[in-house]
Amino acid sequence: MDFIQALPKTETHLHIEGALPYELLHVWQPAKYPSPPPFHAADFRYPSFAAFDGILLGHALPWFTSAQRYYEAGQAIFQKHLAQNVRYVETSFHLPVGGFIGTPPREILAALRAAVPPGLEVRFFAGMLRTDYAGPLQAVIDDLVNWDELAGVDLHGNEATPTEPWTAPVWARLRAAGKVTKVHAGEFDGAHRVREAIEQLGATRIQHGLRAIEDPAVVALAAGRGVTFDVCPLSNVKLRVVASLAAHPLRALLQAGVRCTISTDDPLVFGNTLNGEYAALAAEAGFTRAELAQLAGNGWAVADVPAAMRAAMLAEIGRLV
C-alpha cells in the first residue's frame, strides 16, 4: 500500500454528485443515513442500473440543493484526493434540468472551482444525458462553447438509451471550441457503442469502454486512434458488468495497446477510493507494480497539464518502480 500511496495519481472518471462523501450525509441526518450503508459492503452487488440509479439519486439529490452544498462537497471530495496523493482530477457535474438539482450550472461550476485546494489540478466537465438536448437544456448546451472555465463535456446515463442525432454535430462544435468530448460507452451495452463513440461522435475519451473487448476490431480501432478508456474496475464489479476483478478485461486491453486509466466513478454508492482501486487490482487480479505504474502514467499522458508537469510526474512514477 505504501507504493500505491506514493504513486502520483490522476482521477479522470468521477461524477461529482456520485462522489459526495457519505459521511457528510451521516453527519447531516444520522438517522436517515446510518453508517455504514449496506451498499458499501464489499460483497454488495446492484441488481440493475435502475437500482443503482435510484440509490445514487436518492442520496445525492437531497444534498445538492445549492451552490454552497456543491462547494462543501467539493472541499471534502478534493481533500480526499490530496490524502491519497492524487494530484490531477477530471470530474463532471450534471447539468440541471427542470426540478433536477435546481441550481444554475454556472453557479455550480463556480462553487466547485472555488473548492479546489492548493496542490490539486482539477478540470471540470458538464455531464448530460443522451436525451437532454431535446428539452430545456438545449440553449445551455449550445452555450457551453463560451464557457472558458469548462474543460469539456461528458455524455452519460443509461447506455440502453440510443445516441440521438444531435450528438455528433454538437460534439464536433464543442471540440472545435477546444472542449474535450467524453462518452460513456461499452459498459451496459456492447462493443458497437464504443465504435459509435469513436467513429460517429469523434470521442477519444471513453468512459468505461471495457466491453470493447468483445470485438477485436473495436479494440484495434481504439488502440490505433489513441483512444483512452477511463476505467472504473470496482464499479464494473458492483454493477455486475464483470463477475470479478480477476475476470476484468483491463489487462487484455492494455496488452492490446489501449491506453487505460483508473478511477472510482461514484464513490458515494460504491464505497471505494482510488487507492483502493489500485490495491484491489493488485490483490484480486495480480497486477504488478509495473502494471500499476503504467496505469498511473496513463493518467498523466492524457492530463491537461503543462508538459513540464507531465514529465515530472512520469519521472516520479519511474523512480518508484
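Heads up: the structure comes first, above all this text.
The structure presented is a predicted model; accordingly, all values stated were derived computationally and were not measured.

Asker: Please clarify how the overall build of the chain should be interpreted in this entry.
Answerer: Check the secondary structure of the chain and you find 15 helices and eight strands. For the chain, the C-alpha radius of gyration of 18 Å lies close to 20 Å, the compact-globule estimate for 321 residues. When its C-alpha atoms are laid out on the principal axes, the chain stretches across 45 × 45 × 45 Å. Residues counted as buried form 54% of the 321 residues belonging to the chain. Considering only contacts in the chain between residues 6 or more positions apart, those separated by 24 or more positions represent 75%. Here the chain displays about 12,200 Å² of accessible surface, and carbon together with sulfur accounts for 56% of that area. Of the side-chain charges in the chain, 26 are positive and 32 negative, and the distance between the mean point of each set is 4 Å.

Asker: Can you help me understand the environment of M128 in this one?
Answerer: Considering the arrangement of structural elements, one finds M128 in strand β3 (residues 121-129). In this structure M128 comes out as buried when scored by relative accessible area, which is 0%. Distance in space between the C-alpha atoms of M128 and V153 is 7.8 Å, their sequence separation being 25 residues.

Asker: Sorry if this is basic, but what is going on with the pattern of salt bridges here?
Answerer: A side chain of one charge can pair with a side chain of the opposite charge when the charged atoms of the two come close. By the definition in use, this model includes 14 salt bridges. In this structure, the salt-bridge partner of E23 is K80, at a minimum N-O distance of 2.8 Å. Of the two residues, E23 is situated in helix α2 (residues 22-28) and K80 in helix α4 (residues 67-83); the sequence distance between them amounts to 57 residues. By sharing partners, the salt bridges in this structure join E90, K182, R205 and D230 into a single network.

Asker: Honestly, the sheet that holds strand β4 (residues 152-156) in this entry has me stumped. Any pointers?
Answerer: Two modes of strand pairing occur in sheets, parallel and antiparallel, and in both the strands are linked by backbone hydrogen bonds. The sheet built from eight strands is open, its strands ordered β1-β2-β3-β4-β5-β6-β7-β8 with parallel pairing. Edge positions in the sheet fall to β1 (9-15) and β8 (259-262), since each of these pairs with one other strand and no more. Between one strand axis and the next, the sheet turns through 25° on average, direction left out of account. Of the strand pairs in this sheet, strand β2 (residues 86-94) and β3 are connected by seven bridges, and their pairing is parallel. Bridge pairing links S92 to F125 in β3. Each of β2 and β3 is contacted by helix α5 (residues 105-114), which is oriented at about 165° to β2, the strand it contacts most.

Asker: Help me understand helix α3 (residues 49-60) in this model?
Answerer: Because each turn of an α-helix spans 3.6 residues, side chains separated by three or four positions end up pointing in the same direction. Compared with an ideal rise of 1.5 Å per residue, which puts twelve residues at 16 Å, α3 spans 16 Å between its outermost C-alpha atoms and is within 8% of the ideal. Turning to α3, its buried residues are F49, F52, L56, H59 and A60. Buried residues of α3, seen end-on, are gathered within an arc of 115° and therefore sit on one face of the element. In this fold, the buried residues of α3 make contact with α2 and α12 (267-270).

Asker: Would you explain the nonpolar core in this entry?
Answerer: Taken as a class, soluble globular proteins show a tendency for nonpolar side chains to be buried jointly. Counting 97 residues, the largest nonpolar core has F93, L144, W171, F229 and L295 as the members making the most contacts within it. When sequence neighbours within four positions are dropped, the list of residues in contact with L295 reads L250, L254, C260, T261, I262, Y278, L281 and F287.

How each quantity is defined
Residues numbered from 1 in each chain as written. Predicted model: local features only at pLDDT ≥ 70, side-chain atom pairs only at ≥ 80, totals over all residues. Heavy atoms only, no water. Helix = DSSP H or I, 4+ residues; strand = E, 2+ residues; numbered from the N terminus. Rg over C-alpha atoms; globule rule 2.2 N^0.38 Å. Buried < 20%, exposed > 50% of the residue type's maximum accessible area, 1.4 Å probe, protein only. Contact = heavy atoms within 4.5 Å. Areas by Shrake-Rupley, 256 points an atom, 1.4 Å probe, with all protein chains shown as cover. Lys, Arg positive; Asp, Glu negative; His and termini not counted. Charge placed at Lys NZ, Arg CZ, Asp CG, Glu CD. Salt bridge = Lys/Arg side-chain N within 4 Å of Asp/Glu carboxyl O. Pairing = 2+ DSSP bridges. Axes fitted to C-alpha atoms, helices over the stretch in contact; angles between N-to-C directions. Expected span 1.5 Å × (residues − 1). Arc of directions from axis to C-beta. Core = buried A, V, L, I, M, F, W, Y, C linked by side-chain atoms within 4.5 Å.

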